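What the coordinates show
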Amino acid sequence: MGEAELSFGWRSAALGGAVVQLLLLAVALVLSEGNRTANRLLSALLLVFAGLLTPYAIGFAGFYDAWRGLTFLPVAVPLAAGPLLWAYVSAIDNGRPPARLGLHLFPPALQFTYTFVCFLLPLNIKWAWFTGGHSAWIDPATELAVLFSLIGYAGAISVVLRRRRARLAEARSDDDRFAARWLGGVLAAIVAALALHLGFGLWSALVGGINYFQQTGHYLAIAGIGLWLGAAGWRHSALPVPLPVPAGSSEPATGKEDRGTPDWPAEAHVIERRTREGGWWREPDLSLPRLARRLGTNTGRLSRAINLGLGQNFSTFINGLRAEAVADALRVQPRRDLLDLAFEMGFASKASFNRAFRARYGMTPSQYRLRQSAAAVSNSDSLTRDAILRREFD
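Described below are features of the structure shown in this document. (Residues numbered from 1 in each chain as written. Predicted model: local features only at pLDDT ≥ 70, side-chain atom pairs only at ≥ 80, totals over all residues. Heavy atoms only, no water.)

For the rest of this paragraph, the subject is the overall build of the protein. Each helix and strand counted, the protein has 18 helices and zero strands in total. Here the protein, with 394 residues, has 44% of them falling under the buried criterion. For the protein, the proportion of contacts with a sequence separation of at least 24, taken over those separated by at least 6, is 73%. In the structure as shown, the protein presents an accessible area of about 20,200 Å², 61% of it carried by carbon and sulfur atoms. (Helix = DSSP H or I, 4+ residues; strand = E, 2+ residues; numbered from the N terminus. Buried < 20%, exposed > 50% of the residue type's maximum accessible area, 1.4 Å probe, protein only. Contact = heavy atoms within 4.5 Å. Areas by Shrake-Rupley, 256 points an atom, 1.4 Å probe, with all protein chains shown as cover.)

We now examine the environment of Asn 354. With respect to the helices and strands, the residue Asn 354 is situated in helix 16 (residues 350-361). Asn 354 sits in the partly exposed class, given a relative accessible area of 31%. Residues Asn 354 and Leu 338, spaced 16 residues apart in sequence, show a C-alpha to C-alpha distance of 9.9 Å.

Taking 1.5 Å per residue as the helical rise, helix 16 with its twelve residues ought to reach 16 Å, and the 16 Å between its terminal C-alpha atoms agrees with that figure. The set of residues buried in helix 16 consists of Ser 352, Phe 353, Ala 356 and Phe 357. Burial along helix 16 is one-sided: seen end-on, the buried residues are contained in an arc of 125°. In helix 16, the exposed positions that point more than 90 degrees away from the buried face belong to Lys 350 and Ala 359. (Expected span 1.5 Å × (residues − 1). Arc of directions from axis to C-beta.)

Take a look at the structure:
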């Protein structure tokens, strides 16, 4: 032990507290139900964030000054952040990790092995290497590798998210519930981490290097990103996998297929009529396979009929029927609570209700209700009408 004394200031307290919270969230995710594969991948990602913060949490407290042998402590593996984020989003999408994930984790494994071997070196050799070849060559190369890793995996995540949204719209009427705007935050998080990494790297290059304390903001921001990911992931950890297999996959047809090119508009008209009459659109979690079973057909044919016959995807079709039902109810009872009506008609969220209603009628539900209220009092005197309109706006 050296002569340096430990000092726990606000920096070490803030980062140390973040490490503890990340570890607790990681444990909670491992114990969560729902998409267990995704939850465990996110748990591993939170451990990576905790490892990134640990050297700074103990460094600001003076641990490295007191125990120089802690140099190369093998806890920070930044190259693991990108592939684990991508693997997590992929598992949220289909319930399993991406193919060949092991190959993507090879660079972080190599980084960990290098750090671990250096950590085991005798102190004099370790310190000479740390202040010499490592600082001159390995550290800058690692920084570049992390930068390109984040760029590459940000692109891969955006591809997964676009594909997911398209598949959900084709197969589920509650697609907003699973399209999960918070997953877009995962992409935003990796972009933010990329910007931070690039910004502090440029600052260091411009001034000829920045010290330990000047990087405080960098690691506080990383702590915030990690905690947000953990909290958002834990909040949604119980969501099941909405599409374990790609929509439109081959499936046995029930009955004989028509020969030649089907009359898709006519077939779609029958589907729409039967769906209305059956009231199936009221089911909040109605999916393409479930409706196909009700209609005695297969998902591929049903999807083509809706897309080619109505010019819509499945989500737009079902939510359009729900919007019409809400509009019909408002014409009879314009003072009904909008959210109550929306949920009664099968909408899974306020956002999906507002979006579907605007797409169908070109106005918000509130504006539509206001028009119905105005029509209901069209024969009343202006004072009564104005009072009712003010009450509707309130």
